[in-house]
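Inside the fold
Take a look at the letters that make up each chain.
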Amino acid sequence: MILNNLKLGVEVVGAHNLLPKDGQGSSSSFVELYFDGQRFRTTIKEKDLSPVWNETFYFNISDPSNLHMLTLDAYVYNNTRATQSRSFLGKITINGTSFVPYSDSVVLHYPLEKRSIFSRVRGELGLKVYVIDDPSIKSYMDTQIHNHSAQTLPSKVPRSEVRHTFHHLPNPNHPQQQQQQQQVPAGPADPTHHHGARYIPEEMKIPEVPQPPPQLVRMHSATMAQPVDYALKETSPFLGGGRVVGGRVIRKDRMSGCTYDLVEKMHFLFVRVVKARELPAMDITGSVDPYVEVRIGNYKGITKHIEKNQNPMWNVVFAFSRERMQASVLEVVVKDKDLMKDDFVGLCRFDLNEVPMRVPPDSPLAPEWYRLADKKGEKIKGELMLAVWIGTQADEAYPDAWHSDAALSVDTVASTLIRSKVYHAPRLWYLRVNVVEAQDLVPTEKTRFPDAYVKVQIGNQVLKTKPVQARTFNPLWNEDLLFVAAEPFDENLVLSVEDSVAPGKDEIIGRVIIPLSMVEKRADDKMIHSRWFNLEKPVAVDIDQLKKEKFSSRLHLRVCLDGGYHVLDESTHYSSDLRPTAKQLWRPPIGVLELGVLNAVGLHPMKTRDNKGTSDTYCVAKYGHKWVRTRTIVDNLCPKYNEQYTWEVFDPATVLTVGVFDNSQLGERGLNGTTKDLKVGKVRIRISTLETGRVYTHSYPLLVLHPTGVKKMGELHLAIRFTCTSFANMLYKYSCPLLPKMHYVRPFTVMQLDMLRHQAVNIVAMRLGRAEPPLRKEVVEYMSDVDSHLWSMRRSKANFFRLMSIFTGLFAAGKWFGDICVWKNPITTVLVHVLFLMLVSFPELILPTVFLYMFLIGVWNYRYRPRYPPHMNTKLSQAESVHPDELDEEFDTFPTTRSPELVRMRYDRLRSVAGRIQTVVGDVATQGERLQSLLSWRDPRATALFVTFCLLAALVLYVTPFQVIAALIGIYMMRHPRFRHRLPSVPINFFRRLPARTDSML
């Protein structure tokens, strides 16, 4: 009895436009299906180039966790009755990652593929493939196994062997096996039952399949097997008029001119309220304070009111989601703002069935004047200019429109905080200030030499030079100070020469202010000419003293803006842009990256509103200098965004980051701007892992590490496509340095890079925070991974196990060679001896053999190549088994805010870990010092023995061919265990007795 109820259902619907093969312009076709060692065949449709079968088969899935590695193969053949043979008409192969639940399955028409380059095929095959879990469904093979085992097999035969006999069937690609396969006769036709692929008795007929509820199917199983709920899932949504299956769009029917082909099409009712004229007076003063209220069903949008104006102008666009409309009439009402109750002025009504449809690139719909009417429908004084149309998110008015998603929860003031926007981060430069020297300094106390240093400041960045060794009136520093500056250069560089008079007391000797717009720019390492700048007193003095001291002190500087570097404003592991700052060094783009943010499902409630959990979420995507933000979907745990964005790609070794956040600025607490937006999760996608031209549609789990452990906050559905515009330039990029030239000609230290990166993130966050709506600092920091360099015990463990996994192959090779040396398998050992002697005899074959072996491994692994982008792995990150105290330490601020007892305990734990690392480092140093002592005569007897051995070895190697020496060494290392001893060998004993410098350590 097979306990697993998971089945793969395949409905063979029909084929279209097949190739004629019978010599009479037709074909008698049938389809053979192969999956997981099982085979089914349809009936034969005589003389039909577009046959229809409508037959369903169910395959057993032996291992559901291995489903993503399996493939479904469908072969279409022409049956030749006269010779009892068949000819090939085409095939299709469907990867396991494309299998969807029954509720999501649709009939797809796949173009037939060739079996070889000499095959000639045409047409397409319609299949409906799905995964179903229903115990009432028994496949034909299940029934055969049950009957066969109950009647003919002895009770001692294991059930696994019974399954095994049905899981290994001939390969249709093998010509000899094709001739040996038996033809399965077709059963009697039954027009009322479409499941009869073969004649099946009444008790074996498949019952009608009820539609199962949506279930989670594990599409990808990572090597570090993590929970199914955390795995990446491939989806098949309808995008741009077609369904995406396996990275291809099947039956794509895009609307003309539509550029939104990576998102689901959403229809909106757009209402543009332009202006009004000749409105009737409603107040005693003979004026009116008008505003417009647009209503459809339970949704309404309100414009701002304009005081005392009978000819107001608004020019506001409202967008109402068509799928949420429950009314057929649109009302546009003009009201008069009043203290007690707003007065009715007039209205316009529109029947939604009469509203026109607009599809870009059509010109915008022209607004028209509409006469106002009272509540009874009679015309009154006043007119309103409106434009009403139905469009999609491709409409030009969509980004700036007021959306009905916020109609019930957000007021007019906060509506600007929910719009979608595109941001461009400022272009950053490294500012290099070389402080050379000062001359003729005049301290406050003229009887003493100043203890001078230079303080350099730009914005919030402040650096100081080191104090000079010898006090003098002409100090010399010659020190480089580095800063980050952003365009436009609206800040000044301020240099102050200060004198340390006493501890904690500094006096300013003079100051220089240099506008950044006047600083010289360079794109290479050419020498910048130095300049002398006159120091000025920062305090007010009398005119005579100013004239006498203004030019007495000078400061020698070299200042430049370095454009040959790439300013790192994000973690180097997840860089989205590697170009230098100077535009003249930029190369043309290699491709285009397109992102479709479809929807999110199962989001965790981030707040409470009306006594229920909810979220107001938006997505942020970052790549290069371009940041994008989707509109905020208010009060929805399964929001649909359906927004598409495009970036130019200049380097494949870059990463796209997409984050989801909860908007905390919409309520009363958010209006003051002090409430932070909450992070829901993020996704990283490396461009180099994407195939060109393929559409990746996956549902990414949003995994966030909390102080209580890892938590899934929902799933984000994305569609991604990378299109290469210059294949030659893309391949050339793989031979170029990762960073610009200046990073290697004049590199920075690690401390400088960390400091500059911190400053760059602050500048980007400050600039993006000035936009409307602002991209808040916590969002920029989370997207840029500002805390990735801080200490974490969990990350340390993860990096250690990553390092161990790299050496797993080396360890396995060492274990294999150890088994060879101890003759664990004599046949393998003899073959290795023969191969070793061949390579020693012909050493010119060693490198060709190694490269040919790696080529064959690469070709073999091609069929198992990843079909999906990598995603965050909780087991690889050591997030599943992490101790709560280690998580608390990771989330602690810097500097710490924990109690002294807890800090002391963590410090002791860190000392214990560092002690083990210290021991390992010391052991490695000891072995290196022993190597050095071989010829240092630290141990005179050991060095004498080694020198004598070297002389004898030189004489022997001079007269003996190298192949003989190598062969003897190899045979000695792989000698039989009978000739081995359990004690260490003589060379090892000699090496371990050599002295090291451990005796000299305190």
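Residues numbered from 1 in each chain as written. Predicted model: local features only at pLDDT ≥ 70, side-chain atom pairs only at ≥ 80, totals over all residues. Heavy atoms only, no water.

Let us look at the overall build of the chain. In terms of helices and strands, the chain carries 17 helices and 41 strands. By the burial criterion, 43% of the 1002 residues in the chain qualify as buried. Considering only contacts within the chain whose residues lie at least 6 apart along the sequence, 69% involve residues at least 24 apart. Total accessible area on the chain is roughly 54500 Å²; 57% of this is exposed by carbon and sulfur atoms. (Helix = DSSP H or I, 4+ residues; strand = E, 2+ residues; numbered from the N terminus. Buried < 20%, exposed > 50% of the residue type's maximum accessible area, 1.4 Å probe, protein only. Contact = heavy atoms within 4.5 Å. Areas by Shrake-Rupley, 256 points an atom, 1.4 Å probe, with all protein chains shown as cover.)

A full pass over the atoms with the stated rule returns 28 aromatic pairs. Judged by centre distance (4.9 Å) and plane angle (65 degrees), the ring pair of phenylalanine 40 and phenylalanine 59 falls under edge-to-face. Remark: phenylalanine 59 occurs in strand β4 (residues 52-60) and phenylalanine 40 occurs in strand β3 (residues 38-41); sequence separation between them is 19 residues. A relative accessible area of 0% means that phenylalanine 59 is categorised as buried. By way of ring pairs, the aromatic residues Phe30, Tyr34, Tyr75, Tyr77 and Phe88 are connected into one cluster. Between the NZ or CZ atom of arginine 579 and the centre of the ring of phenylalanine 650, over which it lies, the distance is 4.0 Å. (Phe/Tyr/Trp six-rings, centres within 6.5 Å; stacked < 30°, edge-to-face > 60°. Lys NZ or Arg CZ within 6 Å of the ring centre and 35° of its normal.)

By size, the foremost hydrophobic cluster in this structure holds 61 residues, and its most contacted members are Leu593, Leu595, Trp627, Trp647, Leu716 and Leu718. For this core, the leading source of residues is helix α7 (residues 750-768), giving six residues. In this structure leucine 718 touches Leu595, Gly596, Val597, Leu598, Val658, Val683, Ile685, Tyr696, Thr697, His698 and Tyr700, once residues within four positions along its chain are discounted. With 32 residues, the next largest nonpolar core counts Leu72, Ile92, Phe99 and Tyr110 among its residues. (Core = buried A, V, L, I, M, F, W, Y, C linked by side-chain atoms within 4.5 Å.)

Here we come to the pattern of salt bridges. This structure, assessed with the given rule, holds 49 salt bridges. Connected via shared salt-bridge partners are Asp885, Asp888, Glu889, Asp892, Arg898, Arg906 and Arg909. (Salt bridge = Lys/Arg side-chain N within 4 Å of Asp/Glu carboxyl O.)

Running from N to C, helix α10 (residues 808-821) and helix α11 (residues 826-841) cross one another at 100 degrees; their axes reach a closest spacing of 9 Å. With respect to α11, the axis of α10 lies roughly perpendicular. Residues Trp816, Asp819 and Ile820 of α10 form the contact with α11, whose own contacting residues are Thr828, Thr829 and Val832. Among the residues forming the contact of α10 with α11, the class breakdown is three nonpolar, two polar and one charged. (Axes fitted to C-alpha atoms, helices over the stretch in contact; angles between N-to-C directions. Parallel < 35°, antiparallel > 145°, perpendicular 65-115°, else oblique. Nonpolar A, V, L, I, M, F, W, Y, C, P; charged D, E, K, R; others polar.)

This part takes up the side chain of asparagine 642. Considering the arrangement of structural elements, one finds asparagine 642 in strand β37 (residues 640-649). Within the structure, the side chain of asparagine 642 is placed 3.1 Å from the backbone nitrogen of glutamate 264, a separation counted as a polar contact. With sequence-adjacent residues up to four places away left out, asparagine 642 is seen in contact with Val263, Glu264, Met266, Gln393, Val597 and Leu598. (Polar contact = N/O pair within 3.5 Å; in protein donor to acceptor, adjacent residues only side chain to side chain.)

For the rest of this paragraph, the subject is the pairing of strand β2 (residues 29-35). The buried fraction of β2 is high, at seven of seven residues. Along β2, one buried face is formed by Ser29, Val31, Leu33 and Phe35 and the opposite face, lined by Phe30, Glu32 and Tyr34, is buried too. Looking at chain direction, β2 and strand β5 (residues 71-80) are connected through six bridges and run antiparallel. Considered in β5, the bridge of leucine 33 is made with alanine 74. Between β2 and β3, which pair antiparallel one after the other, the connecting turn spans two residues, and aspartate 36 there sits at a positive phi close to 50 degrees. (Pairing = 2+ DSSP bridges.)

It is worth spelling out the packing of α11 against helix α16 (residues 962-973) at this point. Between α11 and α16, whose axes approach to 9 Å, the crossing angle comes to 160 degrees. When the interaxial angle is binned, α11 and α16 end up roughly antiparallel. The two elements α11 and α16 cross, and the hand of that crossing is right-handed. Contacts between α11 and α16 involve Phe836, Leu837, Val840 and Ser841 on the former and, on the latter, Gln963, Ala966, Ala967, Gly970 and Ile971. Tallied by class, residues from the contact of α11 with α16 come to six nonpolar, three polar and no charged. (Left-handed = near helix turned anticlockwise from the far one by under 90°.)

The strand order across the open sheet formed by five strands is β22-β36-β35-β38-β39, and the pairing between neighbours is antiparallel. The two strands at the open ends of the sheet, each matched to only one other strand, are β22 (421-424) and β39 (678-686). Here the strands of the sheet are splayed against their neighbours by 15 degrees on average, with no regard to which way each runs. Sheet topology places β22 next to strand β36 (residues 626-629); four bridges connect them, and they run antiparallel.

On to the environment of proline 701, then. Looking at the element boundaries, proline 701 is found in strand β40 (residues 695-706). Classification of proline 701 by relative accessible area gives buried; the value is 0%. When the C-alpha positions of proline 701 and glutamate 715 are compared, they lie 4.3 Å apart, and in sequence the two are 14 residues distant. Not counting chain neighbours up to four residues away, the residues in contact with proline 701 comprise Asp229, Tyr230, Ala231, Leu232, Lys712, Gly714, Glu715 and His871.

Attention shifts here to the sheet that holds β5. Read from one edge of the open sheet, four strands run β3-β2-β5-β6, paired in antiparallel fashion. In this open sheet, the two edge strands, each paired with only one partner strand, are β3 and β6 (85-95). Adjacent strand axes in the sheet meet at a mean angle of 20 degrees when their direction is disregarded. Two elements, β5 and β6, share ten bridges in a ladder whose sense is antiparallel. Within the sheet, the bridge partner assigned to leucine 72 lies in β6 and is isoleucine 94.

When the UniProt feature table is mapped onto this chain, "transmembrane region" (unreviewed entry) is found at residues 830-860 and 944-972. End C-alpha to end C-alpha, residues 830-860 measures 27 Å, and it is 87% helix and 0% strand. Taken end to end, residues 944-972 has its terminal C-alpha atoms 26 Å apart, with 93% of it in helix and 0% in strand. (UniProt positions renumbered as here; feature names shortened; annotations may be inferred.)

Among the surface-exposed residues, Phe800, Phe801, Leu803, Met804, Ile806, Phe807, Leu810 and Phe811 lie close enough to one another that they form a single nonpolar patch of about 810 Å² accessible area. If you list the elements that add at least two residues to the nonpolar patch, you get α9 (793-806) and α10. No other element matches the five residues that α9 contributes to the nonpolar patch. For leucine 803, the position within the fold is in helix α9. (Patch = residues over 30% accessible without salt bridge, like charges linked within 9 Å, V, L, I, M, F, W, Y side chains within 5 Å.)

In summary, the side chains of a regular strand alternate between the two faces of the sheet. Of all seven residues making up strand β14 (residues 290-296), six are buried, and the element is well covered by its neighbours. Judged from the six bridges that link them, β14 and strand β17 (residues 329-336) form a sheet pairing that is antiparallel. Residue valine 294 lies in a different strand from β17, and its bridge partner there is valine 332. Alignment of β14 against strand β15 (residues 299-302), held across four bridges, turns out to be antiparallel. Opposite arginine 295, over in β15, you have lysine 300 as the bridge partner. The antiparallel hairpin formed by β14 and β15 contains two residues in its connecting segment, where glycine 297 sits at a positive phi of about 65 degrees.

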